Amino acid sequence: MYAQHLASSFEVAAGILKNHRKRLRQGRRPGTPFVKRLMMKAENQAYKLDRTEGIIDLPIRAGCHVELKLVVSRYHRRYLNDGTLSLGSLTVLPDRVIVAFRKEFPGLIAASSVLSLDTNERSLDGIFVEGGRKGDTSCVQVKAAFPEVAIIQQRHHERRRRLQKKKAHDRRLTRVLCGREGRREHHRVDYRLHSVANAVLEFAENHRSAIVLEDLRGMRPNKNKDLNRRLSLWPRRKLHQIIEYKAAWKGIPVIKVDPRYSSRRCPICGRIPDSRMGKWSEFACECGWRMDRHVNASMNLLQTAISKGLEVAGGLRFSPGAFQHDVMMTLCEPAMAVRSEPNGTSHIGVTS
Ligand SMILES: [Zn+2]
């Protein structure tokens, strides 16, 4: 075979080995490292892409080339036509090919405001802090809701459970059907997470905001709680991943902070009240501070970021006292109710 492909295969193998070692270090169940899916990877020198025609020319060995005609949509065109993007690696899978694009890092924008967001199961809640010309700051509540994600997860979870019960006599069939359910769920959740991330980044871009998020790494699902609860951690991590890479693409700074005590500390006096006072949805402190629990957490995240000396929007100072209680900005609203469950014939891509 073409020698370049061998180099790529080494890289893929090395990547798998690296993951395997990581699992070993973390003491997780180490299976034999194994490539489950048939795949091929080619580096950017090892294939050609005709960007106007959408045809990939993949050399296999001397005198033997494979041509792949891509189905190019308007979405793909945006990237193919953008001359500032160079080609990265090509991944060929049984059902699709993935062409990676590279972009020169645009450099971080000089942020003049901050968007601090607390990530919850059904929404991103937080505050938007902007400095005025006279050195004063304004601070308002922001919200990007995605209630459908939890609903979709719950429904698919129930469907999988039902399938497992109903097809208990045939484990192979159960696996196939559950796998299909999982992929459907994945697509439906992914679509919504991307919409939320796009809304957040559009706002951040328009207001030249830095984004503060909690660092979800190291967060472990609570073993005592039920499976439904455990299901809900991955979309949040996924949402952060999407926000981070889209932010890097636009040069928007993302600051991640340790979320410890963020939901329990009072941003005014620093106390950590040991029991929940007041309403369930509200954070209340002895000093008289009352605030929506999620918004309060986002204030703490921002304070942590500032106290760690992280560069937040050119030394923007933040005082919870500047909070405007009567203003709420909505970054994103669920565009549609959750559709009825897809039957076998409907496709997964949701159009707006
Ligand atoms: Zn207090």
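The structure this text deals with has already been given above.
Below is a short write-up of the structure. (Residues numbered from 1 in each chain as written. Predicted model: local features only at pLDDT ≥ 70, side-chain atom pairs only at ≥ 80, totals over all residues. Heavy atoms only, no water.)

**Some remarks on the overall build of the chain**
Just so we agree on the cut-off: To qualify as a helix, a DSSP run of H or I must reach at least 4 residues; to qualify as a strand, a run of E must reach at least 2; elements of each kind are numbered from the N terminus. Burial here depends on accessible area, computed with a 1.4 Å probe over protein chains only, as a share of the maximum for the residue type. Under 20% is buried, over 50% is exposed, and the range in between is partly exposed. What makes two residues a contact is simply this: any of their non-hydrogen atoms within 4.5 Å.
Within the chain one finds 7 helices and 14 strands. Out of the 352 residues in the chain, the part that is buried amounts to 38%. A fraction of 64% describes how many contacts in the chain between residues 6 or more apart in sequence connect residues 24 or more apart.

**Brief notes about the pairing of strand β9 (residues 137–145)**
Regular strands place their side chains on alternate faces of the sheet. Threshold: When DSSP finds at least two bridges between two strands, those strands are taken to pair.
As paired strands, strand β8 (residues 123–131) and β9 are joined by 9 bridges and run antiparallel to one another. Note that in β9 the partner of V129 across the bridge is C139. Note that β9 and strand β14 (residues 323–332) share 5 bridges and pair parallel. Across the sheet, residue V142 finds its bridge partner in β14, namely M329.

**Remarks on the environment of L173**
Tracing the backbone through its elements, the reader meets L173 in helix α4 (residues 171–206). Along the primary structure L173 and L163 are separated by 10 residues, whereas in three dimensions their C-alpha atoms are 9.6 Å apart.

**Some remarks on the sheet that holds strand β4 (residues 64–69)**
Condition: Inter-axis angles, ranging from 0 to 180 degrees, are taken between N-to-C directions of lines fitted to C-alpha atoms, where helices are fitted over the stretch in contact.
Here 3 strands make up an open sheet; going across it, the order is β2-β3-β4 and the pairing antiparallel. If you trace the sheet from one side to the other, it starts and ends with β2 (48–50) and β4, each paired once. When the angles between neighbouring strand axes are averaged without regard to direction, this sheet yields 25°. Pairing of β2 with strand β3 (residues 55–61) involves 3 bridges; the strand directions are antiparallel. Its bridge partner being in β3, L49 is matched across the sheet by I56.

**Observations concerning the coordination of the zinc ion**
Stated formally: As a rule, N, O and S atoms within 2.8 Å of a metal are its donors, except that Na, K and Ca use 3.2 Å; water is not among the atoms, so sites may look incomplete. Note on geometry labels: four donors, all angles 85 to 135 degrees, give tetrahedral; four donors become square planar and six octahedral when opposite donors are over 155 degrees apart and every other angle is between 65 and 115; remaining cases are irregular.
The protein atoms that coordinate the zinc ion are C266 (SG), C269 (SG), C285 (SG) and C287 (SG), at distances of 2.2 to 2.3 Å. Viewed at the metal, the 4 donor atoms of the zinc ion are separated by angles of 106 to 115°, and the geometry they form is tetrahedral. All donors of the zinc ion belong to a single chain; written as a sequence motif, their spacing is C-x2-C-x15-C-x1-C. With C269 in the loop between β11 (254–257) and β12 (282–284) and C287 in the loop between β12 and β13 (290–292), the pair connects residues that are 18 residues apart, well separated along the chain. Residue C269 is classed as partly exposed on the basis of its relative accessible area, which comes to 34%. Classification of C287 as partly exposed rests on a relative accessible area of 36%.

**A look at the packing of aromatic side chains**
For clarity, the cut-off: Any two of the Phe, Tyr and Trp rings considered here, Trp counted by its six-membered ring, make a pair once their centres fall within 6.5 Å; the pair's planes then place it as stacked at under 30 degrees, edge-to-face at over 60, or tilted in between.
Within this structure, the stated rule accounts for 4 aromatic pairs. Within the aromatic cluster, the residues linked to one another by ring pairs are Y75, Y79, F101 and W249.

**Some points on the sheet that holds strand β7 (residues 113–119)**
What the 6 strands build is an open sheet, ordered β11-β10-β7-β8-β9-β14; its pairing is mixed. The sheet is open, and its two borders are formed by β11 and β14, each paired with just one other strand. Averaged over all neighbouring strand pairs, the angle between strand axes comes to 25°, with direction disregarded. Of the strands in this sheet, β7, β8, β9, β10 (209–214) and β14 touch α4, which is tilted by about 125° from β14.

**Here's the deal with the pairing of β10**
Counting buried residues in β10 gives 6 out of 6 residues, a clear majority hidden from the surface. Across the two faces of β10 the burial is the same, with S209, I211 and L213 and A210, V212 and E214 all buried. Bridge count for β7 against β10 is 5 bridges, and the pairing is parallel. Along β10, the bridge assignment pairs L117 with L213. Pairing analysis gives 4 bridges linking β10 to β11, with the strands arranged parallel. Following the sheet pairing, I211 is matched in β11 by V254.

**What to know about the nonpolar core**
Rule in force here: Throughout, nonpolar core names a set of buried Ala, Val, Leu, Ile, Met, Phe, Trp, Tyr and Cys residues whose side chains join them through atoms within 4.5 Å.
L124, V200 and I211 are the most contacted members of the largest nonpolar core, which has 28 residues in total. Those elements giving two or more residues to this core turn out to be β7, β8, β9, α3 (147–166), α4, β10, α6 (233–250) and β14. Among the elements that line this core, the one with the most residues is α4, at 9 residues. Beyond its immediate chain neighbours, meaning those up to four positions away, V200 contacts L115, L117, L124, A144, I211 and L331. Within the second largest apolar cluster, 21 residues are counted, among which are I255, C266, W289 and F318.

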